[in-house]
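Per-entry structural report
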Amino acid sequence: MTTSEPLLEARDLRKTFGGLTAVDDVSFTVDRGTIVGLIGPNGAGKSTTFNLVTGFYDLDDGEVRLRGENVADLSPEERSQKGMVRTFQITRELTGMKVRENMHLGGQDHDGEKVLHALTGAPSAREREKELEARAEDLLETLGLWELRDEYAGNLSGGQRKLLELGRALMTDPDVLMLDEPMAGVNPRLTEDLLSMIRDLRDDGMTFLIVEHDVEMIMSLCDKVIGMHNGEVLTAGPPEKVQDDDRLLEAYFGGEV
Amino acid sequence: MPARKRDGDTGNGINRRQYLYGAGAAALTGLAGCSGDGSGGGSTATEASDDGGTATDSGSNSESGGPIPIGNLSPFSGGLGWIGPNSRRGVDTALNAPEGVNQAKVLGRTVEIHEQDTETKPQSAISGFKTLDSQGVFSMVGPSSSVMPSLVGPAQDTGLAIVSPMTGTIQLDEVGGEYIWRTVPSDGVGARAQARYAYNEMGHRKMALAFKNDKGSQSFSAASGDYFKNLGGEVLTEVPLDPAASSYRSEVKKLQDSGAEVVSMTAATEVSGLFIKNYVEAGAEDDFDLLLGNDVLTEGFIEEMGADVMEGMVGQAPAPGPAHDVFLEKHKELHGKAPGAFAASAYDSMVLQALAYQKEGEVTRDAIPNHLYDLGNGPGKKVSTFAAGKKAIENGEEINYVGAGNPQNFDKTGDPLGPFAALQATDGKWKEVKVYSAEDLSK
Amino acid sequence: MGYASLVVTVAIIAGIYSLLAIGMNMHWGDTGLLNFAHAAFFAIGAYTSAILTTTGGEGLLASRVVGFEFPVVVGLVGGSVLAALAGVVIAVTSVRLEGDYLAMVTLSSAEMIRLGIKNEAWLTSGAQGIKNIPRPMADAFPLQLGSVTVGYDLFYLGFLLVIVAASYLAFTRLSESPFGRVLHAIREDEDVPRALGKHTDVFKLKSFGLGAGVAGLAGALWAHFFFAINPSMFLPGLTFTIWAAVIIGGAGNYLGAIAGTLFVVLTRQVTRFIPGDIPMSSELPFIRLIVIGIALIAILYYRPAGLLGDEERLVAGQMEAE
């Protein structure tokens, strides 16, 4: 399901912290309608890459292209508005807000977020809020969080928070959804549901870039896998190919193949 | 590894909590340093009860022999917090010394003082004023310049008179005579003495003004400059002195460059001390003479600065009232020490108020507006204690109160006019070099 | 005399301080911004309105050359708008700063503004302050309604209560709107709304402007009731008083902000009735502050969410391991 031009492309990303090079000349492409996995041992530079692509870190060098447009100079919120939405590795759910509020926050182009509209209760704002309510209900039902809709997010379990964060990101109707370890802490039964949900969304045309620790899961889910080590891309390609890459295995298992 | 280093990753509830504690602690520290709530002003007959209340109270109380509630609204804390206790002791001397108010008794009743603290802040002063109003005081010994302008409206609205022993500001020169009075001369009068001395006695024609950047100091220097101009002199420049500055070299230089022959330099001791130090260092003595404000006219200041340095500098002070020596003795006896600044005028304020009730024949809020002017001004028998005044009033005589701080001859806007002395630092002491009569100094 | 008059005056003070607390609650309670410049916004509102409605100075101390004689309503609007603008300007320079840095910038900005007011006498009369500030509709009172006399203070209190109620409703509505939702998200964790495409800087500026604007309105209302203003009324202590009120009342809850204000104002007033002849009575002003300080500590200890704050919200997410 690939098209001629990749939806998201990283070119020669480079980032140093002090004297330490965290990411060095990292390039990869993510085609529209695919699930791409980013794997590698701890310290491989996966999260840094993630933050560079989404704009939470400033690039030292390189380009991030979304639909061919270089977005490297845009702020995280601007990139998000262009359809590239992320979740966080350690859940950053808004503990002091209710589950439902968390979801609604994901709504884009909301007139109710303008002061005057909010004060006057403008019809356009109310309509948008209704749409969001319906969408949030659907998603919460799917994610099994509907019963918890009026709980504070801080009262959810770790797995439930992961789900909420995913749901919140989906509320933005992203083109490319970037998930940072989305399955960590989620119980196995739910994991299965989530995986099939991601596949369904992919089949509907959504694109995913996923950082994940669980290599087995990534291999079963992804259309393409990028293997990183020491801030560099070691290998990229279909799961079955990457799976057998000696260098990556070496990186993971410290040489014991 | 989340992006920008923010609150911890565990959810920032904890962080927030820390902030909360931090903010709480900050608020606490802040509160300790200030205080600020305020309180309100002017009640224009809020309820029908307003006027009625006064009448009822005075009706039921005046013959009952219970103590008469009188307020003392003074700075007991804040910037001028050191003055409040002086006022308290002055008032106490008026009440409890021999021939005092509580011995001779006003219409057979004693006076009970209700104190309220202005904290040297307008908000708190208004709050204190309204509290005294609600406690039913009939008049009050009043506060300092820094808060008086905020009380003018409330005093008029409630018909509750303030007789301030410590308000010098010329902002009140044209205000008062009904509910606003003072027993200390306006800065304007002292400033006129200063300007007159510079013009007539020292023969200067070109003046410059320097003042600590606060209400009172600026007001004093402005008044001096204004009168100097009236006399025919010229005011060349004005230089505010920032109290937080670590040196006034550039200000001294500016004054030297201005071509002034004499500078009216008004500031409290600290700023004055630093200014004089820089003045001497710069050799500016050759360029202009210094006229000093009221706060530094102590021998302690000369001692601190050095008699050599101070030699020849000029200041001015109200010539004390005729009853000053007697007051001094009473005060020493009662409180074991000499009266502090404004204590004598506080004494006068209390005695005058008591005499007003005696003369009214009834304890009401109208007594002050009705009688204070006549009590202070002649013609009439000169008295300087409450007991003597009461006796004369009972005999149907007119009286003229001559006070301790001042002779207390009021003008039509409630300000006392009195003689002022010019003082010069000579051999480590302030020597009286010229006394101007009230007539010399009237506008 | 009469207690009624005192009660009305104290209520007016509480009302004006409530407006300040409402603004502060938008900053801290809703958005999590540490604003220590509230006294400055209050001052800007008071001075702007006073300058707009009085003549330039006259008499000896007439250093002020600027003065207009617009109607009071112009002053109220002008004061609010200018305070809001000042809030935005301070925020623009510092809104990217996190928590405690923002606190430092706002605190120092507030002092700069106060010193500016003290020194720019051509505009503000400097240390002398502005007096004879007109009261709106002062000529119409006392008003005789049948057998009841309505005094000016009572009228002003009514006027003020309408404004406080309107502000309360408006700010509560904002807080509960999608706009408020974004502010709350910023309070909880700013990266999240950014990741969801919200321009959080813009929201923070709006929050700062709105809160500062209502503080400016409070300042204008203060000036037009109390006749005279001067720079010593706007020391940082005022900001801390409002902080105490918001924390005691419960940050994030507008009714709590008002309740906290009432608590603080009443504490101060009630202690004024302590008779002067008890031991240590000369320390009363300090004892008064200690009482409020103890209340603050007790509340932070036993009820960190404040009197009306949402305890559950505060502890949500605090228990998790890790």
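This structure is a prediction, so every number in the text was calculated from the model and none was measured.

Further remarks concern the overall build of chain C. The number of helices and strands found in chain C is 13 helices and two strands. In terms of C-alpha radius of gyration, chain C reaches 20 Å, essentially the compact-globule figure of 20 Å for 322 residues. Taken along the three principal axes of its C-alpha coordinates, chain C extends 65 × 50 × 45 Å. In chain C, which comprises 322 residues, the share counted as buried stands at 62%. Considering only contacts within chain C whose residues lie at least 6 apart along the sequence, 75% involve residues at least 24 apart. Accessible surface, chain C as shown: approximately 11,300 Å² in total, 71% of it carbon and sulfur. Each charge sign in chain C was given a centre, from 18 positive and 22 negative side chains, and these centres are 5 Å apart.

Moving on: the confidence of the model for chain C. Here chain C averages 86 in pLDDT, while 92% of its residues score no lower than 70. Prediction confidence for the complex, expressed as pTM and ipTM, is 0.81 and 0.88 respectively.

A few words on the interface of chain C and chain A. Contact residues are listed per partner, giving 31 residues for chain C and 39 residues for chain A. Across the chain C/chain A interface, buried area totals approximately 3,100 Å², and carbon plus sulfur atoms make up 58% of it. The three residues of chain C that bury the most area against chain A are R181, R194 and L196 of chain C, which together make up 22% of that side's buried surface. Applying the counting rule to chain C against chain A returns three salt bridges. Here R181 of chain C ties to E129 of chain A by a salt bridge, and the two come within 2.7 Å at their closest N and O atoms. Where chain C packs against chain A, one counts 17 residue pairs in polar contact (both at pLDDT 80 or more). Where the side of chain C that touches chain A is concerned, the elements lending two or more residues are α6 (152-176), α7 (178-188), α8 (191-195), α9 (200-226) and α13 (311-315) of chain C. Counting residues per element, the side of chain C that touches chain A draws most heavily on α7 of chain C, which supplies eight residues. Residue classes in the side of chain C that touches chain A are distributed as 12 nonpolar, six polar and 13 charged.

Residue and element names in this part refer to chain A. The sheet contact formed by strand β9 (residues 224-229) and strand β10 (residues 232-237) spans five bridges and is antiparallel. By the bridge assignment for β10, V225 is matched with G237. Joining the antiparallel neighbours β9 and β10 is a turn of two residues, in which N230 adopts a positive phi near 50°.

Now for the pairing of strand β15 (residues 420-426) of chain B. Residue and element names in this part refer to chain B. The element β15 is extensively covered by neighbouring structure, given that five of its seven residues are classed as buried. Across five bridges, the pairing between strand β10 (residues 314-318) and β15 is antiparallel. By the bridge assignment, Q316 is partnered in β15 with A422. Counting the residues that bridge the hairpin from β15 to strand β16 (residues 429-436) gives two residues, and of these D427 lies at a positive phi of roughly 50°.

Note: strands within a sheet are paired through backbone hydrogen bonds, in either parallel or antiparallel orientation. All names here are of chain A. A sheet is described by the order of its strands in space; here six strands give the open sequence β6-β7-β8-β3-β9-β10, paired in mixed fashion. Looking at strand neighbours, the two that pair on one side only are β6 (84-86) and β10, the edges of this open sheet. Adjacent strand axes in the sheet meet at a mean angle of 15°, parallel and antiparallel pairs treated alike. Relative to strand β8 (residues 207-211), strand β3 (residues 35-39) is paired through four bridges, and the arrangement is parallel. Bridging across to β8, L38 finds its partner in V211. Packing against the sheet, helix α6 (residues 158-170) makes contact with β6 and β7 (176-180), and its axis sits at approximately 160° to β7. Each of β3, β9 and β10 is contacted by helix α10 (residues 246-253), which is oriented at about 130° to β10, the strand it contacts most.

Moving on: the pattern of salt bridges. Residue and element names in this part refer to chain B. All told, the structure shown has 34 salt bridges over all chains when counted by the stated rule. Between E281 and R249 there is a salt bridge; the shortest N-O distance is 3.7 Å. Of the two residues, E281 sits in helix α10 (residues 269-281) while R249 sits in helix α9 (residues 249-258), which places them 32 residues apart along the sequence. Classification of E281 as partly exposed rests on a relative accessible area of 48%. Of the residues examined, R249 reaches a relative accessible area of 52% and is grouped as exposed.

The next subject is a nonpolar patch on the surface. A cluster of nonpolar residues, F68, F70, V73, V74, V77, V81, L82 and L85 of chain C, forms a patch on the protein surface that exposes about 680 Å² of accessible area. Here V73 of chain C shows up in helix α3 (residues 72-94).

So, on to the sheet that holds strand β2 (residues 111-117) of chain B. Residues and elements named next belong to chain B. Across the sheet, which stays open at both edges, the five strands sit in the order β2-β1-β3-β4-β5 with parallel pairing between neighbours. Edge positions in the sheet fall to β2 and β5 (180-182), since each of these pairs with one other strand and no more. Mean inter-strand twist for the sheet, computed between neighbouring axes without regard to direction, equals 25°. Sheet topology note: the strand β4 (residues 161-164)/β5 ladder contains three bridges and is parallel.

All names here are of chain C. Direction vectors running N to C along helix α1 (residues 3-30) and α9 enclose 170°, while the axes themselves pass 7 Å from each other. Classed by the angle they form, the pair α1 and α9 counts as roughly antiparallel. The segment α1 lies against α9, with I12, I13, I16, Y17, L19, L20, I22, G23, M26 and H27 engaging S207, F208, L210, G211, A212, V214, A215, A218, L221, W222, F225 and F226. Residues of the contact of α1 with α9, tallied by class, amount to 18 nonpolar, four polar and no charged.

Moving on: the packing of aromatic side chains. Residue and element names in this part refer to chain C. By the definition in use, this model includes 26 aromatic pairs over all chains. Taken together, a centroid distance of 5.5 Å and an interplanar angle of 10° make the contact between F68 and F70 stacked. Judged by relative accessible area, which is 36%, F68 ranks as partly exposed. Aromatic pair Y152 and Y156: ring centres 5.9 Å apart, planes at 35°, arrangement tilted. Taken together, the residues span about one helical turn, with Y152 and Y156 both in helix α6 at a distance of four residues.

This paragraph deals with the side chain of E165 of chain A. Mapped onto the secondary structure, E165 of chain A falls in helix α6. Polar side-chain contacts of E165 of chain A include one of 2.9 Å to the backbone nitrogen of F88 of chain A.

This part takes up a negative patch on the surface. Side chains of E133, E137, D138, E141 and E147 of chain A sit close together on the surface and give a patch of like negative charge. Residue placement: E147 of chain A occurs in the loop between α5 (123-143) and α6.

The rules behind these values
Residues numbered from 1 in each chain as written. Chains lettered and ligands numbered in written order. Predicted model: local features only at pLDDT ≥ 70, side-chain atom pairs only at ≥ 80, totals over all residues. Heavy atoms only, no water. Helix = DSSP H or I, 4+ residues; strand = E, 2+ residues; numbered from the N terminus. Rg over C-alpha atoms; globule rule 2.2 N^0.38 Å. Buried < 20%, exposed > 50% of the residue type's maximum accessible area, 1.4 Å probe, protein only. Contact = heavy atoms within 4.5 Å. Areas by Shrake-Rupley, 256 points an atom, 1.4 Å probe, with all protein chains shown as cover. Lys, Arg positive; Asp, Glu negative; His and termini not counted. Charge placed at Lys NZ, Arg CZ, Asp CG, Glu CD. pLDDT = per-residue confidence, 0-100. Buried area = accessible area lost by both parts, 1.4 Å probe. Salt bridge = Lys/Arg side-chain N within 4 Å of Asp/Glu carboxyl O. Polar contact = N/O pair within 3.5 Å; in protein donor to acceptor, adjacent residues only side chain to side chain. Nonpolar A, V, L, I, M, F, W, Y, C, P; charged D, E, K, R; others polar. Pairing = 2+ DSSP bridges. Axes fitted to C-alpha atoms, helices over the stretch in contact; angles between N-to-C directions. Patch = residues over 30% accessible without salt bridge, like charges linked within 9 Å, V, L, I, M, F, W, Y side chains within 5 Å. Parallel < 35°, antiparallel > 145°, perpendicular 65-115°, else oblique. Phe/Tyr/Trp six-rings, centres within 6.5 Å; stacked < 30°, edge-to-face > 60°.

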